[in-house]
Amino acid sequence: MSKPPLSAFTLARITLFSLVLAVSGCGKPAPEQAGSAKTVDWAVHGGDNGEQRFSPLKSVNTTNVDQLGLAWSFDLGISRGIEATPIVVDGVMYVTGTWNIVHALNAKTGAPLWRFDPEVDRSKAAHLCCDAVNRGVAVWKGLVIVGTIDGRLVAINKHSGNKVWDVVTVDQSKPYTITGAPRVIKDKVLIGNGGAEFGVRGYISAYAADSGKQLWRFYTVPGNPEKGFENEAMAEAAKTWNGQWWKFGGGGTVWDSMAYDADLDLLYIGVGNGSPWNQKIRSPGGGDNLYLSSIVALKPDSGDYVWHYQTTPGETWDYTATQHLILADIEIAGETRKVIMQAPKNGFFYVLDRSSGELLSANNYVDVNWATHIDPVSGRPVEVAGARYTLKPFLQMPGPLGGHNWHPMSFNPDTGLVYIPTLQTPFIYADDHGFKQNSVGWNTGTDNQFASLPISPGDLRAAMSAVKGNLVAWNPQTQTQAWSVPHSGPWNGGTLSTAGGLVFQGNGDANLVAYDAKDGTPLWQFFAGTGIVAPPVTYEIDGEQYVAVAAGWGGAFVLIYGGVPRIEHQTPTGRVLVFKLGGKAKMPVAEQVKVVKNTPPPLIKDEAMVAEGASLYRNNCFVCHGDHALSSNLVPHLRYSPLLHSAGGWQDVVIGGAVAQKGMPGFARAMSSADAEMIRAYVISAAHSEEDEAWFRKTLGLPAREKP
């Protein structure tokens, strides 16, 4: 049967979207990815299915970017690690705030169209390793689809904001969560999950976009051999494990990165760390422990395994390979190769052939001391003696936050450079000799006392001087740094690159900055009033280009090391900020964080009790309430809590879960009432000490924070 001729309007739509796709050659348009003749959309998470985060728009460029001004802003409500990539389709922006609340906004004016609250179980915050975050939605054939922290996948009518379907993707009795953005490939919604720090078995699932019906599931680590294996890939993986790993969960959660090549019809996923981190516990006797810390290629129709490349065999450091994956066609040794690129946590930048998984090159993009190099023949890291910390603690770079965390990098085919938000956060790994599986708290198998900052001024200055962050422009052809811009701290936003010769990045100093993509010269900046960790996007409506970012401070580094944040102005409100040339809008004045400093009760003079409380605090509390009980102010500051004066009230909250639906679950399954009282004794002791925020800041030479 012959096809009818295409109309002029249809041809215009195809021509426009072909321009967007031409920069990557990695993905085919979805029905709603074309936008309209008057828009150029940011319709999928990474800008295209190859996740390059590059835009062909160039109305905003190096010659006029200094004329950018605020077009509009929208308050997302409370700020707890705003990490979403705004999705823009047909003039409408869809963006998530804290607790997975979805907002639909007019992308030209910022006018709210609808708001959807999936009413998540906020007590699941106990199972979030790194703040109550969400990285955004997928938009597909009239639906807006979001994953929730309590493990659901929810589809919403994109016009009305009404729920269409809602499916549970995890065993909710186990510590699974979802923080990543779904992807839609060939009418299938793809979603993974998190929870490897708490003891789960990772997987990725595909659901029918129209109904939410589960179509397939691929596990990333093998389960109990006595129950049989789901497929040959799991049977082969089991040969690389030892002991009874399934009792610990195994890990390998697919909590973020994915990419898709339509020509090869391959889906690529990044696989996370082991559970526990410490391999000696989960797999005594070693082994590669497939498919931890791996890039895995699957068939999207069936979930069948095709190939894998493991970046960190025998993972034991939380060295995930869930960092951003980018597909591109680049010239290597005089030949154009279809490659997949990644800068995972372990500090090495990898370029692979995406057809076969063959290693083409690898080099460290940050300082690395756990391995000397990647062997080009075997593809394996050449490890340094002692790095596995089995005999004694090891001071290592990178630490578990990685050389690059979740913050997306971008690739500009015009410059040939990848723009990476790098960080340097050393960490002392040490074996937890008394490890016991915890049903609620973290299960890393490492001794967290070494994760705490030192309290002597000299040691603290030395420790923090080694903590750095940079925007690095990396040449994947030569595996060398082209240029680098230093930041004042390590926790900075993802990047966007454009055909206008620009790289946009937000940072922990509360600025959105535009850099010259060729040499890193800063050309424009805007003070956002809050740290920015999310990546910017750009789109066009009626011939006018807009740049947008979801601004809001939070995430792992901010919560854990809340006493020494680099940002000087914190607001409790996350915001969408949208800019255009000549924009004149004024940002609303936000309420500043106000901390009520209650006087602590008298010391509990039992040194053994306080010492045990400190250990319990480090294993259960510090990832949210901060090292040394110094808060980021995104969660209650325990040193100033009135509950310190009430042993009964403290028990009601910590054990009984009295405020579970505010995000503070009860820990009755993880600790006893006596344990909770020891933690209270430690926090009281900390509240009486000199380890307060002002002391930390003075010691580090940072300016005092403005008085609330």
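Residues numbered from 1 in each chain as written. Predicted model: local features only at pLDDT ≥ 70, side-chain atom pairs only at ≥ 80, totals over all residues. Heavy atoms only, no water.

(A) Region of interest: the overall build of the protein. Check the secondary structure of the protein and you find ten helices and 40 strands. Burial analysis of the protein (708 residues in total) assigns 63% to the buried set. Long-range contacts, defined here as pairs at least 24 residues apart, represent 63% of the contacts in the protein between residues at least 6 apart. (Helix = DSSP H or I, 4+ residues; strand = E, 2+ residues; numbered from the N terminus. Buried < 20%, exposed > 50% of the residue type's maximum accessible area, 1.4 Å probe, protein only. Contact = heavy atoms within 4.5 Å.)

(B) Structural view of the sheet that holds strand 40 (residues 573–581). Reading across from one edge, 1-38-39-40-3 is the order of the five strands in this open sheet, with antiparallel pairing throughout. Pairing within the sheet leaves two strands with one partner each, and these edge strands are strand 1 (39–40) and strand 3 (68–78). Relative to strand 40, strand 39 (residues 544–551) is paired through five bridges, and the arrangement is antiparallel. Its bridge partner lying in strand 40, Ala-551 is registered against Arg-575. (Pairing = 2+ DSSP bridges.)

(C) Structural detail: the sheet that holds strand 33 (residues 480–487). The four strands are arranged 29-30-32-33 in an open sheet whose pairing can be described as antiparallel. Of all strands in the sheet, those bounded by a partner on one side alone are strand 29 (410–412) and strand 33. Along the sheet, successive strands turn relative to each other by an average axial angle of 25°, direction set aside. Pairing analysis gives three bridges linking strand 29 to strand 30 (residues 417–424), with the strands arranged antiparallel. (Axes fitted to C-alpha atoms, helices over the stretch in contact; angles between N-to-C directions.)

(D) Geometry of the pairing of strand 22 (residues 325–332). Of all the eight residues making up strand 22, six are buried; the element is thus mostly covered by neighbouring parts of the structure. Sheet analysis places strand 22 next to strand 23 (residues 335–342), joined by eight bridges and oriented antiparallel. The residue bridging Ile-326 from the neighbouring strand is Met-341, located in strand 23.

(E) Quick look at helix 6 (residues 607–620). A rise of 1.5 Å per residue sets the reference length of helix 6, with its 14 residues, at 20 Å; its end C-alpha atoms lie 20 Å apart and thus fit the reference within 8%. Among the residues of helix 6, Met-609, Val-610, Gly-613, Ala-614, Leu-616, Tyr-617 and Asn-620 are the ones counted as buried. Looking at the packing, one finds that the buried side of helix 6 touches helix 7 (622–625) and helix 9 (673–688). (Expected span 1.5 Å × (residues − 1).)

(F) Local environment of the environment of Tyr-219. Structurally, the position occupied by Tyr-219 is in strand 15 (residues 214–219). For the pair Tyr-219 and Met-234, spaced 15 residues apart in the sequence, the C-alpha separation amounts to 7.6 Å. Not counting the four nearest positions on each side in its chain, Tyr-219 is found in contact with Arg-201, Gly-202, Tyr-203, Glu-230 and Met-234.

(G) Structural context of the side chain of Arg-152. Residue position: Arg-152 is located in strand 10 (residues 152–157). Judged by relative accessible area, Arg-152 falls into the buried class, the value being 10%. Within the structure, Arg-152 has its side chain in polar contact with the side chain of Asp-166 (distance 2.9 Å). In contact with Arg-152, not counting residues within four places along its chain, are Pro-118, Glu-119, Val-120, Val-146, Gly-147, Asp-166, Val-167, Val-168, Thr-169, Gln-172 and Ile-178. (Polar contact = N/O pair within 3.5 Å; in protein donor to acceptor, adjacent residues only side chain to side chain.)

(H) Region of the structure containing the pairing of strand 33. Across seven bridges, the pairing between strand 32 (residues 468–475) and strand 33 is antiparallel. Among the inter-strand pairings, Asn-475 is bridged to a residue of strand 33, identified as Thr-480. Where strand 32 folds back on strand 33, the antiparallel hairpin that results is connected by four residues, among which Gln-479 adopts a positive phi of roughly 55°.

(I) Main features of the pattern of salt bridges. One pass over the full model with this rule turns up 24 salt bridges. A salt bridge links Arg-201 to Glu-230; the shortest N-O distance between them is 3.1 Å. Within this pair, whereas Arg-201 is found in the loop between strand 13 (188–191) and strand 14 (203–208), its partner Glu-230 is found in the loop between strand 15 and helix 2 (232–238), the two being separated by 29 residues in sequence. One network of salt bridges, with partners in common, ties together Asp-150, Arg-152, Lys-163 and Asp-166. (Salt bridge = Lys/Arg side-chain N within 4 Å of Asp/Glu carboxyl O.)

(J) Examining the state of the cysteines more closely. On inspection of all chains with the given rule, the structure shows one disulfide. Between the sulfur atoms of Cys-129 and its disulfide partner Cys-130 the distance amounts to 2.1 Å. Taking the torsion about the sulfur-sulfur bond, which here is approximately -95°, the covalent link between Cys-129 and Cys-130 counts as left-handed. Given a relative accessible area of 23%, Cys-129 falls into the partly exposed group. (Disulfide = S-S within 2.5 Å.)

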